[in-house]
Amino acid sequence: MGKDAAMSGANGAQGADSTVFINVRLIDPASGRDEPGGLLVADGVIADLGGHLRRNAPAGAAVVDGQGHILCPGLIDAQVYTGDPGQEHRETLKTASFAAAAGGVTTIACMPDTEPVIDQVALVDYVQRRARERAIVNVSIIAALTRGLKGEELAEIGLLQRAGAVGFSNGKGSIANTRIMRNALLYSKDFGALIVHHTEDPGLSNGAAMNSGEVATRLGLPSVHKAAETIVLERDVRLVEITGGRYHASTISCAESLAVIRSARSRKLPVSCGVSINHLTLNENDIGSYRTFYKVRPPLRSEDDRVAMVRALAAGDIDVIVSSHDPQDADVKRRPFAEAADGAIGLETLLAAALRLYHADEIGLLPLLRAMTINPAKLLGLPGGRLEKGAPADLLLFDPNQPWVVDREQLRSRSKNSPFDEQKLQGRVLKTMVAGRMVYQYGS
Amino acid sequence: MSTAAPPSLYFPGRHLLTCEGLSAKEINSLLDLADRAADTNKQVNKKRDVLRGRTLINLFFEVSTRTQASFELAGKRLGADVMNMNVATSSVAKGESLIDTAMTLNAMRPDLLVVRHHAAGAVELLAQKVDCSVINAGDGAHEHPTQALLDALTIRRAKGRIAGLTVAICGDILHSRVARSNIHVLNAMGARVRLVAPSTLLPTGIERLGAEVYTDMWKGLEGCDIVMMLRLQRERMEGNYVPTSREYYHFFGLDQEKLDCAKPDALIMHPGPMNRGVEIASTIADHSRSVIREQVEMGVAVRMAVLEALARHLPNH
């Protein structure tokens, strides 16, 4: 939607063709840049940036005084579930995009778990058209790897990619059939297509409500051992080894999985991995007395696992942080824990929740932002995620220190299942720009 | 009509089980003989008597129309008594083992046994147990020697040579016995072999048999003299090795656009039966450069040559 948004920005309410951010702290994880300066936007792209623009606004450009706050590439969220099409009462592309804009997210990669499943070219076209018409941020599509996400027959990977799909996933389910997974990797390699896989052995995880361990035992909940994740991941890595397919484990959550990823990396395999913000900032104890907003997939793990994930992120072993935004309405969440739906919304709280790790001195700003900007951009082959001349003007201005308390009723998502509800977070999105057009301004 | 073979005939083998290891000299000998048979087949009286008194049994464990008919015709034109064993309704269906079937047939004293079987290696196993000459008419995904020879004959007649030509074999290489036999024959004859298929339809290590592998058909056909298409077995393919026949046709079906990547005089071949609109566009199948019908014609000639060559080693008393 880049071009269209640029056009509408140029002709729309903003009026000016160009905007200059002055007096900002420029942070660009792609280049390692972290310096005071300014940035000029013209025709929807970054026209200039650097220290020389810190105080000097070019004539004719609309001036935004950043007051020393951070200007960085807009966040790219590589895993967002919406209900569009088919479950619009949970979330539409439009409402998801408003939540994204308020969270500083300028690109959302939508998962194929919709009704119908995004497994055909016509549906990719449909989502792209809906996004163009309704969404205020960029929408990328991760299409179904298998027809109907059933894990039985390959979807039309070549044709879907030509239609614009940036990756292929089996959604919330793992592919159980090893031969299908092998053929998927082998076939997608010919197209350079990326496979994004949720790793969880269905035989082990079926019926489980949370992570195995003391907490699950006390609560009397059916549980799944974290090995269910590592087993599938290990199998997949073996398959990558024999096929050469590009593979991304979408949301790993335990220390054992990290060992598999590190080993794959040391063998130079085309393997990468992501982690959800929930698994970086929450653990199984947060479930407390059956709080279903903490019921997610994979389930929240122990504190040891959470710490291992954060350390791996700081060390660069984890490539991408996703919100794993998964809107669920009250009907499916206000149920006994084991019967409640999985999923938590997270677009609007992604940045502030991630900054918890920064404020706790667990990770620096650059590596933290890298996992939400340039890394997902490279993974999905997107032009954004970087501050450089000619790159799309997808930008985020934020104050890393400003505290606020999450009130789920104030969140823009159509569903309100936030695990951060009533929590104090530190770090406020001030402005979000997509292709040169301001799509969110704090307080207005 | 002359029954004398050209003096140059050189084919020392007792059976024809595989193309692996055949020399250019042996192949050329068979093709020379087949050339003569092809000429004979154009005449009103196609019948010769080099196999008079001989018994040829067609033993087909797998359904076949064209290969079986082709062997039957070849045997009859050379004067042999031909019997077709319909194995699906025979004692094999009642649970008889392959070896027992072989021993039973052997007791009927055939001279030539043409065998097709769904399991790779089955024909060779059978050949070890019988006293007659055995011809492999296709064993699993292993080999189909007479198909490769008829392809070679078709190419040689159309192009005047095989050495130095670039041949692209396209499609389901993984399950194809035709591809494997062709790789051996074409390499022996000095052609360059390319294989074009999605990675899911390429068996591991196939390049070691003497071929360059392409997963992009546009690149694979660039500068080719021959485009040889293989049949896609839709029922067992779809969703597993390739997503759909629609996608397969888009990326690996032979249409005018992809054919334009090959040389302007490139020939189009297909061992049949074709899935029009899946691996080959209907207009391409009927293209002026298509030699698909010639392949069928050469099939009879090549099988006559093979029968005649093997019959020379049969005891005469």
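Remember, predicted model here, so these are calculated numbers, not experimental data.

About the thresholds
Residues numbered from 1 in each chain as written. Chains lettered and ligands numbered in written order. Predicted model: local features only at pLDDT ≥ 70, side-chain atom pairs only at ≥ 80, totals over all residues. Heavy atoms only, no water. Contact = heavy atoms within 4.5 Å. Buried area = accessible area lost by both parts, 1.4 Å probe. Salt bridge = Lys/Arg side-chain N within 4 Å of Asp/Glu carboxyl O. Pairing = 2+ DSSP bridges. Helix = DSSP H or I, 4+ residues; strand = E, 2+ residues; numbered from the N terminus. Axes fitted to C-alpha atoms, helices over the stretch in contact; angles between N-to-C directions. Buried < 20%, exposed > 50% of the residue type's maximum accessible area, 1.4 Å probe, protein only.

Participant: For this particular structure, what's the right way to read the interface of chain A and chain B?
Facilitator: As a measure of interface size, the accessible area lost when the parts come together is often cited. Opposite the 18 residues of chain A that make contact, chain B presents 16 residues. When the two sides are added together, the surface that chain A and chain B hide from each other amounts to roughly 1,600 Å², 52% of it contributed by carbon and sulfur. Counting the surface chain A buries against chain B, the share from its top three residues, Glu156, Tyr187 and Asp190 of chain A, is 34%. In this structure, the connection of chain A to chain B is made through one salt bridge.

Participant: Sorry if this is basic, but what is going on with the sheet that holds strand 1 (residues 55-60) of chain B here?
Facilitator: What links the strands of a sheet is backbone hydrogen bonding, and the strands pair in either a parallel or an antiparallel sense. All names here are of chain B. An order of 2-1-3-4 is seen for the four strands of this open sheet, with the pairing classed as parallel. What marks the edges here is a single partner per strand, and that holds for strand 2 (81-86) and strand 4 (133-139). Here the strands of the sheet are splayed against their neighbours by 15 degrees on average, with no regard to which way each runs. For strand 1 and strand 2, the ladder comprises six bridges, and the chain directions are parallel. Within strand 2, the residue paired with leucine 59 across the bridge is methionine 85.

Participant: Sorry if this is basic, but what is going on with unusual backbone geometry here?
Facilitator: For residues other than glycine, phi is negative in most cases, and the peptide bonds are mostly trans. Residues and elements named next belong to chain A. Residue proline 116 follows glutamate 115 across a cis peptide bond; omega there is 0 degrees. When you line up the elements, proline 116 lands in the loop between strand 7 (105-110) and helix 3 (121-134). In this model, arginine 297 is joined to proline 298 through a cis peptide bond whose omega is -10 degrees. Along the chain, proline 298 falls in the loop between helix 10 (277-281) and helix 11 (303-315). Phi angles above zero are rare outside glycine, and tyrosine 290 is one such case at about 60 degrees. Along the chain, tyrosine 290 falls in the loop between helix 10 and helix 11. For tyrosine 290, a relative accessible area of 38% gives the class partly exposed. Non-glycine residue alanine 435 carries a positive phi angle of around 50 degrees. Structurally, the position occupied by alanine 435 is in the loop between strand 17 (424-434) and strand 18 (437-441).

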